[in-house]
Amino acid sequence: MSSVSAHVAVTLARHVDHVFGVMGNGNAHFLDAIERRTDAVFTAVRHEAGGVVAADAFHRAGGGLAAATATYGAGFTNTLTALAESVQAHVPLLLVVGDEPTSGRRPWDVDQIAMASAVGARTYTAGRTDAAATTVIAIEHALAYRVPVVLAIPYDVAAREAGEVSDAPLPATPAPLQPASAYARSAVHEMAAALAVAERPLLLAGRGAWLSGASDVLGELAAATGALTATSALGRGVFPDDRYDLGVTGGFGAERAMELVRQADVAVVFGASLNQFTMRFGELFAPGTRVYQVDTAPTATHPNVGGFVRADVAAAARLLVDDLRATGAAPSGWRESVDVPAAREQKPGDDLAPDGRLDPRSAARRIAELLPEDRVVVSDGGHFIGWANMYWPVASPDRMIMVGTAFQSIGFGFASVPGAALAKPGSTVVLTTGDGGGLMALADLESAVRVAGGRGLAVVWNDAAYGAEVNLYGLKGLAEAPMRIPEVDFAGLAAAVGAEGVAVRTLADLDRLAEWAARPAEERPFLLLDLRISGAVIAPYQQEIIRVNS
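Only a predicted model underlies this, so the values are computations on that prediction, with no experimental measurement involved.

**Considerations on helix α19 (residues 467-474)**
All of the buried residues in α19 are G467, V470, N471, L472 and G474. Against the buried residues of α19 lie α22 (540-549).

Rendered as structure tokens:
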């Protein structure tokens, strides 16, 4: 005979290979079944939020659907910020939690369904007779709507006998949204006609383009139109030919590259939400640029969009290519007329800033020269996010993982490492984090070191401050004491959990990274670089925020 928890675990494991979380009273029977009854791998983290973060990062890094787990009450409430991030970022995952007994709430229980709903996540509750079917429905919901889903197991039901586990139907997921209606096809034809006569066409793609598998067809479209290309931060590497790619748009982009974007007469946006940062707060495109968008969102996602098609990106891009070929349209020649590598160049920075601390720009450039080529970059949130995005190239969107940016949260960096490491088991996982977010995430420093081992590298941009707040509110004259952090020895903290820590005060100190990268992963420790950087060097994207909020 099998318990309700076993029904959930066995059914879930037919579709999920990895489970991340913390064991407690509410999920003990579920984890016992995962360990004893399935081939799914359970990876322990040290904070419940870290379980959701790791499952989120696992999916973003191309590992597929993953699950997180936590107990009821305080364990569940600890997951809420991470759950909100996954909702905002449209990341499917399952959060399996204990819940109050069916007899009623105890003093330590809370209304978990209401709390999950408040951050945008739906809850399904497993019962004695429908646990397997409910699990399949929860998986189906997560995949169909690309959202996290909570699967709750009431405390007094968890160990109840529920008979043998039978095969449940496979989850059904919708087919890619085709531009099949007359209106949609007409809009695609209009885009193709605009691209055919454009003198300076630009294609901009985001993570949605990668998820639709549109990389190759977008490469065909760029070649057919002679367009320059660019991406959102989450779409880096989606275009297969980087010779004509201007890089990330917005504050992460190089100044001359953004000037070229403003010269475009026709721009088509594929699978990018066009948030305020991508759009440079409304100033990415010039007033005369004709902007079109292809997305699965119900409507255009920015006021600058003049033509919109709701469709799968790959399907719409294929129609555009076919239209252009059918009409014999010739490439514009624009991309061959400009020096794209020169336009993409970022400012090199100085060895040291005037205050004697490291210039983060020169440190970022030197680290980029030394990083293993086969890498996945995971990023926490904070002022420092500009440096990795500006100076560290990645091969594809599933190799730049930014858990936290959708919900504007920090403190998810260390917990992202286990998820990315297990999703990309042959790659080096490079964490970029600040001292503020790093301290907030410290519980899962141990998780990162334990799981990634010699494939793990953490870069801590240590400016002894909450840099974003200093740069915005400090400059407005607000009291800076709450924005400052006593300088923390992250190198020492790393050593305490079995990693090697290096305090980096000069560019020469980064030679240790070169030595580390030259060794086989199985022969080296997890490495943490504690960069003692200057807070006086403000990232360009932060300067845009300052300008808008001044």
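**Some points on the pairing of strand β7 (residues 201-205)**
Within β7, five of the five residues are buried, which leaves it mostly tucked inside the rest of the structure. Side chains of β7 alternate between two faces, with P201, L203 and A205 and L202 and L204 buried alike. Bridge count between β7 and strand β10 (residues 266-270): five bridges; the pairing is parallel. Paired with P201 across the bridge in β10 is V266. Bridging between β7 and strand β8 (residues 228-231) involves four bridges; their strand directions are parallel.

**A word on helix α8 (residues 182-197)**
Between its first and last C-alpha atoms α8 spans 23 Å; for 16 residues at 1.5 Å apiece the expected length is 22 Å, and the two agree. Residues of α8 that are buried include every one of A184, A187, V188, M191, A192, A194 and L195, and no others. Angularly, the buried residues of α8 cover 160° about the axis, an arc narrow enough to put them on a single face. The exposed residues of α8 that point more than 90 degrees off its buried face are A182, Y183 and V197. Considering only its buried residues, α8 is in contact with β7, α10 (215-225), β10, β11 (290-295), β12 (307-310) and α12 (313-327).

**A word on the pattern of salt bridges**
Per the counting criterion, the structure on display carries 28 salt bridges. Residue R357 pairs with E487 through a salt bridge whose shortest N-O separation is 2.8 Å. Here the residue R357 occupies a position in the loop between α13 (340-344) and α14 (360-370), and E487 occupies one in the loop between α19 and α20 (490-496), the gap between them amounting to 130 residues. For E487, a relative accessible area of 39% translates into the label partly exposed.

**Looking at the pairing of strand β3 (residues 67-70)**
Judged by which residues are buried, β3 turns out to be covered on both faces: A67 and T69 on one side and A68 and A70 on the other are all buried. Here strand β1 (residues 18-21) runs beside β3; their pairing, made up of three bridges, is parallel. Paired with G21 across the two strands is T69, which belongs to β3. Pairing analysis gives four bridges linking β3 to strand β4 (residues 93-99), with the strands arranged parallel. When the sheet's bridge partners are listed, A68 is paired in β4 with L95.

**A short note on the side chain of E544**
With respect to the helices and strands, the residue E544 is situated in helix α22. When near neighbours in sequence (up to four residues on either side) are disregarded, E544 contacts G250, G251, R280 and F281.

**Regarding the sheet that holds strand β2 (residues 41-44)**
The sheet built from six strands is open, its strands ordered β2-β1-β3-β4-β6-β5 with parallel pairing. Looking at strand neighbours, the two that pair on one side only are β2 and β5 (122-125), the edges of this open sheet. Each strand of the sheet is rotated relative to its neighbour by a mean of 25°, with strand direction disregarded. Both β1 and β2 contribute to a ladder of four bridges, which runs parallel. Across the sheet, the residue bridging to V19 is F42, located in β2. Helix α2 (residues 28-37) contacts β1, β2, β3, β4 and β6 (148-154) of the sheet and is inclined by roughly 130° relative to β2.

Thresholds, definitions, all that
Residues numbered from 1 in each chain as written. Predicted model: local features only at pLDDT ≥ 70, side-chain atom pairs only at ≥ 80, totals over all residues. Heavy atoms only, no water. Buried < 20%, exposed > 50% of the residue type's maximum accessible area, 1.4 Å probe, protein only. Helix = DSSP H or I, 4+ residues; strand = E, 2+ residues; numbered from the N terminus. Contact = heavy atoms within 4.5 Å. Pairing = 2+ DSSP bridges. Expected span 1.5 Å × (residues − 1). Arc of directions from axis to C-beta. Salt bridge = Lys/Arg side-chain N within 4 Å of Asp/Glu carboxyl O. Axes fitted to C-alpha atoms, helices over the stretch in contact; angles between N-to-C directions.

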